Amino acid sequence: IRRQRQMCIRDRALVGEATYKAACGTCHASGLAGAPKLGDAEAWSKRIQKGNDVLIIHALEGFAGSEGYMPAKGGRADLSDEAVTNAVLFMVESQQ
């Protein structure tokens with residue numbers, strides 16, 4: 001079952017790449033507003049330790065902390081919850 005769940009996450013991450021490129025990359029490619037850059041293992045490791053559920057909630061609802069600011073859905077209210085979730089999974093999977 002765990003292997004099936006991992007495959008599901010990987011499949012969703014592949015779909016999420018398009019959302020990342022269209023929306024999330026604006027901040028996560030440059031580090032704008034403290035966004036962890038894709039490929040910055042150190043910045044992502046602290047966040048990944050919190051778990052996907054926390055990261056997804058922060059992406060959907062927004063987050064402000066000492067390391068940066070994340071507006072709800074990256075400021076893109078037009079994105080579905082599923083699209084944002086898949087983009088988060090893409091970014092997490094890209095770090096592993």
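About the thresholds
Residues numbered from 1 in each chain as written. Predicted model: local features only at pLDDT ≥ 70, side-chain atom pairs only at ≥ 80, totals over all residues. Heavy atoms only, no water. Helix = DSSP H or I, 4+ residues; strand = E, 2+ residues; numbered from the N terminus. Rg over C-alpha atoms; globule rule 2.2 N^0.38 Å. Buried < 20%, exposed > 50% of the residue type's maximum accessible area, 1.4 Å probe, protein only. Lys, Arg positive; Asp, Glu negative; His and termini not counted. Charge placed at Lys NZ, Arg CZ, Asp CG, Glu CD. Phe/Tyr/Trp six-rings, centres within 6.5 Å; stacked < 30°, edge-to-face > 60°. 1 Å grid on protein atoms, 1.4 Å probe; cavity = no way out; pocket = protein on both sides within 12 Å on 5 of 7 lines; lining within 4 Å. Points joined across faces, edges and corners; volume = space filled by probe spheres on them. Core = buried A, V, L, I, M, F, W, Y, C linked by side-chain atoms within 4.5 Å. Contact = heavy atoms within 4.5 Å.

Engineer: When you look at the overall build of the protein chain in this model, what are you seeing that I'm missing?
Structural biologist: Scanning the protein chain from N- to C-terminus turns up four helices and two strands. Listing each helix as α and each strand as β along the protein chain from the N terminus yields α-α-α-β-β-α. A globule of 96 residues ought to have a C-alpha radius of gyration of about 12 Å, and the protein chain, at 12 Å, matches this closely. Expressed as a percentage of the 96 residues in the protein chain, the buried residues total 32%. Placing the 12 positive and 11 negative side-chain charges of the protein chain at their respective mean positions leaves the two points 3 Å apart.

Engineer: Is there a simple way to explain the packing of aromatic side chains in this structure?
Structural biologist: Aromatic rings in a pair are described by how distant their centres are and how their planes are angled relative to each other. As enumerated under the stated definition, the model contains one aromatic pair in all. With a centroid separation of 5.4 Å and 45 degrees between ring planes, the pair formed by Y20 and F90 is classed as tilted. Of this pair, Y20 sits in helix 1 (residues 2-28) while F90 sits in helix 4 (residues 81-94), and the two are 70 residues apart along the sequence. No difference in accessibility class separates Y20 from F90, as the two residues are buried.

Engineer: Mind showing me how you'd approach the layout of surface pockets here?
Structural biologist: To find leftover empty space, one rolls a probe the size of a water molecule over the atoms. In this structure, the largest pocket occupies an estimated 590 Å³ of space. The wall of the largest pocket is formed by 33 residues, among which H28, A35, P36, R47 and M70 lie closest to the centre. Breaking the lining of the largest pocket down by element, the ones donating at least two residues are helix 1, helix 2 (41-48), helix 3 (52-61), strand 1 (63-65), strand 2 (68-70) and helix 4. For the lining of the largest pocket, the element with the highest residue contribution is helix 1, accounting for five residues.

Engineer: Would you take a moment to explain the nonpolar core for this structure?
Structural biologist: When a protein is soluble and globular, its nonpolar side chains tend to lie buried together. Counting residues in each nonpolar core, the largest one holds 17 residues, and the members touching the most others are Y20, C24, V88, L89, F90, M91 and V92. Mapped onto this core, the elements with two or more residues apiece are helix 1, helix 3 and helix 4. By residue number, the principal contributor to this core is helix 4, which donates seven residues. Beyond its immediate chain neighbours, meaning those up to four positions away, Y20 contacts G25, H28, A29, L38, A87, F90 and M91.

From the geometry alone we can't say anything about function, so treat these as descriptive.
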